[in-house]
Amino acid sequence: MLSVFNTLTRQKEPFKPITPGVVKMYVCGPTVYNYIHIGNARSAIAFDTIRRYFEYCGYHVDYVSNFTDVDDKLIKRAAEDHTTVPAVADRFIKAFMEDTTAVNIEPATVHPRASENIPEIIAFVQALIEKGYAYESAGDVYYRARKFKKYGQLSDQRIDDLEVGASQHTADEETDRKEDPIDFALWKAAKPGEISWESPWGAGRPGWHIECSVMSTKYLGDTFDIHGGGQDLEFPHHENEIAQSEAKTGKTFANYWLHNGFVTVGDDNEKMSKSLGNFVTVHDIIKTVDPQVLRFFMATTQYRRPIQYTQANLDEAANNLDKLRNAYRNLTFRLQDATNGTDTAVAEQLQTLITNFGTAMDDDFNVQNGVAAVYELAKLANVYAAKATVQKETLIALQKALVQLTGVFGVTFETANATLADDAIQALIDEREAARKAKDFAKADQIRDDLKAQGIILEDTPQGVRFRKE
C-alpha cells in the first residue's frame, strides 16, 4: 500500500483518497515576477513526478497549481519595467509554461490566477469577518490567528514564540493596525498608483495567503487529498491557509501535507541567493544543459531530501540517462532480426523488477530505490539485446517497461523529430555500406567521419552496423 509522509502528523501514513481512484491535489505555484529558479523547478518537478506515479498506478489526478499574479514583487517589477502588473504576469506565465514544458512537466488540470478570482476572494474574506475570525483596520483586513486554536500545528511552533517573531519582523505602521502582532493580512488597502479592486473595505488587493485557500477549495472542494509545496512554505503560508480555510468551512482543509526539500548550489552547499551570485534560473540552465538531464537529475532525488545543484551531479545524471537511452536503442535495434515468441525467464525477471519499482515508490515516493530498479531493467535489456537470438515479444515487453517506469520520472526516449533524424542517419549508414561493398573506402570513411563530427558513433555488431549519439 502507498504511504506518504504527512508534515502535519510528522509520520508516514497509508494514503487513502477521499474518492476511490481519484487524487485531488493542490501545489503552490510561483509568484510570476521573474523566470523560475531551480528551487521553483525542484518543487514543480517533485510534485509532477508524484502526480505521474499516481497516474502510473491508475489514479485520475485533479492537479491544481496557482499563479500568484498580484503581489508586492510584481508591483515593484512593473514599476522598474515601466509597465503594468498584468503585463509582467503575462510575460512570466508564458515563460513558466515554456520552461516547464522543456523539462516535461505536465500542465496542471487548472492553473488559476489570483487576479481572476477577486470576487471569490472578497466573499471568502467577508465570511471570515462574519464568523469573527477577521477584522477590518484602515482599509486592511487581518486574520485573528490566536482565535484559531490549532495555529502553529503544521510547522510545530508555539503561538507565544510566533508572537515574538512577528514583533521582530512586522513594520511598525502595520503593527499599529493589528490587534495582535501574529495576525496576518487577508486584504491590503491600495497605495496610490497600485493595482487594486473595489471591496467592502475600499480599494485594495488580496494578501498572499488567501488566494490559495480560495482557489484550492474552489476547484477541489472544502476538503481535498494532498496539499504540496516547498519546505519554506510550511510557515507562514501553509499554516495560514489551514487557519483561513478551516475557520471558514469548519472542515479539514487537506488530509495530507507534502513538502519538498531545498536546493543548494555548488560544492559548498550554499543557499541560492542573488547576493551570492549563484541565482540560477531554468530559463538560463536549459540554454546549455539538456532539459531532460535537468529533469532526470531532480526527479531521481526523493522529494523530501535536499538537492545539491553542481556540475558534477548534472554530469552524473547525464551519464545515467545516456545508459537508459542506450538500453532503449539496443532493444529497438534488435527488433529488426527478432523471431516471434517470448523468453519466459526474462519475463519473470522483468516482472520482479517492476514489482521492486512499485514497492520502492509506494514508500513515500522513494525515487532513489525506484530508479535503482530501472537501472537493473536497463542491464537486463542490454544483456538480452546482446544475445545471438532474441524474441520480439520480449523485446517489446522490455521496451514498454522501460518507457513506463522512466516515464514516471518524466523521461522520454523518442520524438517524431528524433525518428526523422534517425531515418536520415540510417540512410547515410546504408550509403556507407554500399560504398564499402563497392570498395570505395574513401567515400565510406568520409561518411563515417562526417557522422562522427555530428556526434554520431558507428558500431559494428554481429547483427549489422548500428549507431549511437554522443
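Just above, that's the structure.
Okay, so let's go over this structure.

Calculation rules
Residues numbered from 1 in each chain as written. Predicted model: local features only at pLDDT ≥ 70, side-chain atom pairs only at ≥ 80, totals over all residues. Heavy atoms only, no water. 1 Å grid on protein atoms, 1.4 Å probe; cavity = no way out; pocket = protein on both sides within 12 Å on 5 of 7 lines; lining within 4 Å. Points joined across faces, edges and corners; volume = space filled by probe spheres on them. Helix = DSSP H or I, 4+ residues; strand = E, 2+ residues; numbered from the N terminus. Nonpolar A, V, L, I, M, F, W, Y, C, P; charged D, E, K, R; others polar. Pairing = 2+ DSSP bridges. Axes fitted to C-alpha atoms, helices over the stretch in contact; angles between N-to-C directions. Contact = heavy atoms within 4.5 Å. Phe/Tyr/Trp six-rings, centres within 6.5 Å; stacked < 30°, edge-to-face > 60°. Buried < 20%, exposed > 50% of the residue type's maximum accessible area, 1.4 Å probe, protein only. Right-handed = clockwise from strand over helix to strand, strands pointing away. Salt bridge = Lys/Arg side-chain N within 4 Å of Asp/Glu carboxyl O.

Quick look at the layout of surface pockets
For the largest pocket, the calculated volume is near 1,200 Å³. Looking at the largest pocket, it is lined by 48 residues, and the ones nearest its centre are His37, Gly39, Asn40, Asp232 and Leu233. If you list the elements that add at least two residues to the lining of the largest pocket, you get helix 1 (38-56), strand 4 (60-65), helix 3 (85-102), helix 7 (208-220), helix 8 (234-249) and strand 11 (263-265). Across the lining of the largest pocket, the residue classes tally to 22 nonpolar, 20 polar and 6 charged.

Description of empty space enclosed by the protein
By the definition in use, this model includes 1 cavity of 30 Å³ or more. There is about 50 Å³ of room inside the largest cavity. Lining the largest cavity are Ala46, Thr49, Ile50, Met298, Ala299, Thr301, Gln302, Tyr303, Phe365 and Val367. Within the residue set of the lining of the largest cavity, elements represented by two or more residues are helix 1 and helix 10 (291-299). Looking at the lining of the largest cavity, the element that brings in the most residues is helix 1, giving 3 residues. A class-by-class count of the residues in the lining of the largest cavity yields 7 nonpolar, 3 polar and no charged.

Observations regarding the sheet that holds strand 8 (residues 204-206)
Taking strand neighbours across the sheet as the criterion, the 4 strands line up as 5-6-7-8 in an open arrangement whose pairing is antiparallel. This sheet does not close on itself; its edge strands, each paired only once, are strand 5 (134-137) and strand 8. Mean inter-strand twist for the sheet, computed between neighbouring axes without regard to direction, equals 25 degrees. The strands touched by helix 4 (residues 118-130) within the sheet are strand 5, strand 6 (140-143), strand 7 (184-189) and strand 8, with strand 7 carrying the most contacts at an inclination of about 125 degrees.

Structural notes on the packing of aromatic side chains
Describing an aromatic ring pair means giving the distance of the ring centres and the angle of the ring planes. For the coordinates displayed, the defined rule picks out 25 aromatic pairs. With a centroid separation of 6.4 Å and an interplanar angle of 55 degrees, the aromatic rings of Phe47 and Tyr303 are classed as tilted. Linking Phe47 in helix 1 with Tyr303 in the loop between helix 10 and strand 13 (307-309), this pair joins segments that are 256 residues apart in sequence. We note that Phe47, like Tyr303, is buried.

Points about the pairing of strand 9 (residues 224-230)
Counting buried positions along strand 9 gives 7 out of 7 residues, so the element sits mostly inside the fold. One ladder, built from 3 bridges, connects strand 3 (residues 22-27) with strand 9; its direction is parallel. Paired with Met25 across the strands is Ile226, a residue of strand 9. Taken together, the 6 bridges between strand 9 and strand 10 (residues 254-260) define a ladder with parallel strand orientation. The partner of His227 across the bridge, within strand 10, is Trp257. Handedness of the crossover joining strand 9 and strand 10 through helix 8: right-handed.

Considerations on the pattern of salt bridges
Across all of its chains, the model carries 27 salt bridges by this definition. Between Glu106 and Arg51 there is a salt bridge, with its nearest N and O atoms 3.3 Å apart. Taken together, the residues span a long stretch of sequence, with Glu106 in the loop between helix 3 and helix 4 and Arg51 in helix 1 at a distance of 55 residues. Arg51 sits in the buried class, given a relative accessible area of 7%.

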